[in-house]
Amino acid sequence: EDDRPTRILEALGGHTQLESLALTHMHIERAECLSLVALPCFSNLITLRLPGNSVGDQGVEALAGALANDRTQLSGLDLSYNQSITGRGLQSLANLLESATTQLKAVNLTGSDVDDEGATILARALARNCKLEYLGLVTANEDHHLAHQLGITSVCNRMSTQGWWAFANALCDTASIDRTCYSN
């Protein structure tokens, strides 16, 4: 069992001013996410990068719960290549994006297994969010080299045309010119 994440998180316990943290391909799961949000520096983080891990739904729930706190400053969250995030985890993320207190401006889900259900969940949240400036949903076919570097051999965004239309409808609301103008 790899205890590097635990040791790293323990070592970060005394750092209160950390603004950016990247834990790439380190087997970060729910337990490590819970430890991460308990760190004194968590409320000061501006960017959190957790690509190529196993964050999963419960990890996303822990992160989203902590980020719902209006004292957090996190504006960038990278959960790319975390294939164990399903609709349940995306719903937690969507709830956070719909929150008036969220500071998130960028979310990266590149290489995660987002299907039509997940796309619809995220699209509904985006329709109610005016802060998010970047949502990464690149598929493995579009980013095969990075997937290979991370040791991921089968990454597949399972969105069909239906999922992409959910985004198009949310982001290009033609019901009124104001809705289109003020949307993401």
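A quick note: this is a predicted structure, and the numbers were derived from the prediction, not measured. (Residues numbered from 1 in each chain as written. Predicted model: local features only at pLDDT ≥ 70, side-chain atom pairs only at ≥ 80, totals over all residues. Heavy atoms only, no water.)

A look at the confidence of the model for the protein chain
For step 1, the next point in the chain: With 82% of its residues at a pLDDT of 70 or more, the protein chain has an overall mean of 84.
For step 2, the next point in the chain: In this model, residues 150-156 is a region of pLDDT below 50 whose contacts with residues beyond four sequence positions or in other chains number 16 contacts. (pLDDT = per-residue confidence, 0-100. Contact = heavy atoms within 4.5 Å.)

With respect to the pattern of salt bridges
For step 1, the next point in the chain: Scanning all chains against the criterion turns up four salt bridges.
For step 2, the next point in the chain: Across the pair Arg 7 and Asp 3 runs a salt bridge whose closest N-O atoms are separated by 3.8 Å.
For step 3, the next point in the chain: Classification of Asp 3 as partly exposed rests on a relative accessible area of 40%.
For step 4, the next point in the chain: Residue Glu 98 is joined to Arg 128 by a salt bridge in which the shortest nitrogen-to-oxygen separation is 2.9 Å. Of this pair, Glu 98 sits in helix 4 (residues 87-98) while Arg 128 sits in the loop between helix 5 (116-127) and strand 5 (134-136); the two residues are 30 residues apart in sequence, bridging distant segments of the chain.
For step 5, the next point in the chain: By relative accessible area, Glu 98 is classed as partly exposed at 31%. (Salt bridge = Lys/Arg side-chain N within 4 Å of Asp/Glu carboxyl O. Buried < 20%, exposed > 50% of the residue type's maximum accessible area, 1.4 Å probe, protein only. Helix = DSSP H or I, 4+ residues; strand = E, 2+ residues; numbered from the N terminus.)

Things to note about the nonpolar core
For step 1, the next point in the chain: Within the largest apolar cluster, 46 residues are counted, with the highest numbers of intra-cluster contacts made by Leu 36, Leu 48, Leu 50, Leu 63, Leu 79 and Leu 93.
For step 2, the next point in the chain: Residue assignment for this core shows that the elements contributing at least two residues are helix 2 (30-38), helix 3 (56-67), helix 4, helix 5 and helix 7 (161-171).
For step 3, the next point in the chain: When residues no more than four places from it in sequence are discounted, the contact partners of Leu 93 are Val 60, Leu 77, Leu 104, Val 107, Leu 109 and Leu 122. (Core = buried A, V, L, I, M, F, W, Y, C linked by side-chain atoms within 4.5 Å.)

Things to note about the environment of Ala 64
For step 1, the next point in the chain: If you trace the backbone, Ala 64 turns up in helix 3.
For step 2, the next point in the chain: Once the C-alpha coordinates of Ala 64 and Ala 94 are considered, the two residues, 30 residues apart in sequence, prove to be 9.0 Å apart.
For step 3, the next point in the chain: Non-local contacts of Ala 64, meaning those with residues more than four positions away in its chain, are made with Ser 92 and Leu 96.

Focus: the packing of helix 3 against helix 4
For step 1, the next point in the chain: For the pair helix 3 and helix 4, the least separation of the axes is 8 Å and the interaxial angle reads 10°. When the interaxial angle is binned, helix 3 and helix 4 end up roughly parallel. Between helix 3 and helix 4, the residues in contact are Asp 57, Gln 58, Val 60, Glu 61, Ala 64 and Leu 67 and Arg 88, Gly 89, Ser 92, Leu 93 and Leu 96, respectively.
For step 2, the next point in the chain: Residue composition of the contact of helix 3 with helix 4, by class: five nonpolar, three polar and three charged. (Axes fitted to C-alpha atoms, helices over the stretch in contact; angles between N-to-C directions. Parallel < 35°, antiparallel > 145°, perpendicular 65-115°, else oblique. Nonpolar A, V, L, I, M, F, W, Y, C, P; charged D, E, K, R; others polar.)

Re the sheet that holds strand 2 (residues 47-49)
For step 1, the next point in the chain: Sheet architecture is open: five strands sit in the order 1-2-3-4-5, paired in parallel fashion. Each end of this open sheet is capped by a strand with a single partner; those strands are strand 1 (20-22) and strand 5. Put simply, the sheet's adjacent strands are angled 0° from each other on average, direction ignored.
For step 2, the next point in the chain: Taken together, the three bridges between strand 2 and strand 3 (residues 76-78) define a ladder with parallel strand orientation. Residue pairing across strands places Leu 48 opposite Leu 77, the latter belonging to strand 3. (Pairing = 2+ DSSP bridges.)

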